[in-house]
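Read off the chains here:
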Amino acid sequence: RLWVGLDGPSRELSREAFTLASAVGAADVAAEAALLFELATHLPGLPGGPAVELLSRAVDLMDDRMTPLRVRLQASLGRALAIEGESDLAGEVIDVALSQARQSGDVDALLVGLEAVITAADDPTRILDAARELEATARRADDLWGTLYGSHNRCRAQIALGDLDD
């Protein structure tokens, strides 16, 4: 994960890494760079447009197999679309990515997909369901960020629903 204050350099370096990897046809490296770029855009709350562009290009570089990396790209693309205000398209992309993450059994892809649901959803019940699953999955994976993200958003959704007993 990114350390506080390093999101600017991370965006610059990940964009450069994406450009270089794309130029030599290293699709997996380009995909990882695009994922880092999206994270470095998402965490400080910047607009999603530049991340949408890079993630879309990374998806285009990948072959059509549904690998965990491709699923993570799709989930991150959905989150970036949501931040950019493309709610309907974001929801569709995220739903497909989350389904594929569950099918693949890849925990990292599932965590990214659940984070994307939480970011994109307007419905507190949907946020609560995703947050509970994220928190439980992240705890089993010893992922502190995912546990925190799930816990925080579980509380936020419970407050929105007036469910203060848990």
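Refer to the structure above for everything that follows.
Figured I'd write up the structure that's included with this text.

Rules used throughout
- Residues numbered from 1 in each chain as written.
- Predicted model: local features only at pLDDT ≥ 70, side-chain atom pairs only at ≥ 80, totals over all residues.
- Heavy atoms only, no water.
- Axes fitted to C-alpha atoms, helices over the stretch in contact; angles between N-to-C directions.
- Helix = DSSP H or I, 4+ residues; strand = E, 2+ residues; numbered from the N terminus.
- Parallel < 35°, antiparallel > 145°, perpendicular 65-115°, else oblique.
- Left-handed = near helix turned anticlockwise from the far one by under 90°.
- Contact = heavy atoms within 4.5 Å.
- Nonpolar A, V, L, I, M, F, W, Y, C, P; charged D, E, K, R; others polar.
- Phe/Tyr/Trp six-rings, centres within 6.5 Å; stacked < 30°, edge-to-face > 60°.
- Buried < 20%, exposed > 50% of the residue type's maximum accessible area, 1.4 Å probe, protein only.
- Core = buried A, V, L, I, M, F, W, Y, C linked by side-chain atoms within 4.5 Å.

## Looking at the packing of helix H6 (residues 107–120) against helix H7 (residues 124–140)
The N-to-C vectors of H6 and H7 enclose an angle of 150°; their axes lie 9 Å apart at closest approach. As far as their axial angle goes, H7 and H6 are roughly antiparallel. Here H6 and H7 pass one another in a crossing that is left-handed. For the pair formed by H6 and H7, the contact residues are Val107, Leu110, Leu111, Leu114, Glu115, Val117 and Ile118 on the first element and Arg126, Ile127, Ala130, Ala131, Glu133, Leu134, Thr137 and Ala138 on the second. Taken together, the residues that form the contact of H6 with H7 break down as eleven nonpolar, one polar and three charged.

## Observations concerning the packing of aromatic side chains
Think of a pair of aromatic rings as described by two things: how far the centres are apart, and how the planes are tilted against each other in angle. Applying the stated criterion across every chain, the model contains one aromatic pair. Between Trp145 and Tyr149, the ring centres sit 5.6 Å apart and the planes meet at 40°, which makes this aromatic pair tilted. Of the two residues, Trp145 and Tyr149 both sit in helix H8 (residues 144–161), four residues apart, roughly one turn of that helix. Overall, Trp145 belongs to the partly exposed group, its relative accessible area being 29%. For Tyr149, a relative accessible area of 12% translates into the label buried.

## Quick word on unusual backbone geometry
For Asp142, which is not glycine, the phi dihedral falls at a positive 55°. When you line up the elements, Asp142 lands in the loop between H7 and H8. Given a relative accessible area of 67%, Asp142 falls into the exposed group.

## Describing the nonpolar core
Phe18, Ala34, Leu55, Met62, Leu73 and Leu81 are the most contacted members of the largest nonpolar core, which totals 24 residues. Listed by contribution, the elements that provide at least two residues to this core are helix H1 (7–23), helix H2 (27–42), helix H3 (49–61), helix H4 (68–83) and helix H5 (87–104). Ranked by residues supplied to this core, first place goes to H2 with seven residues. Every residue in contact with Ala34, bar those within four places of it in the chain, is listed here: Phe18, Leu54, Leu55, Ala58 and Leu73. The next biggest cluster of nonpolar side chains, apart from the first, holds 23 residues, and it includes Ala97, Ala109, Ala121 and Ile127.

Honestly, it's all geometry; don't read function into it.
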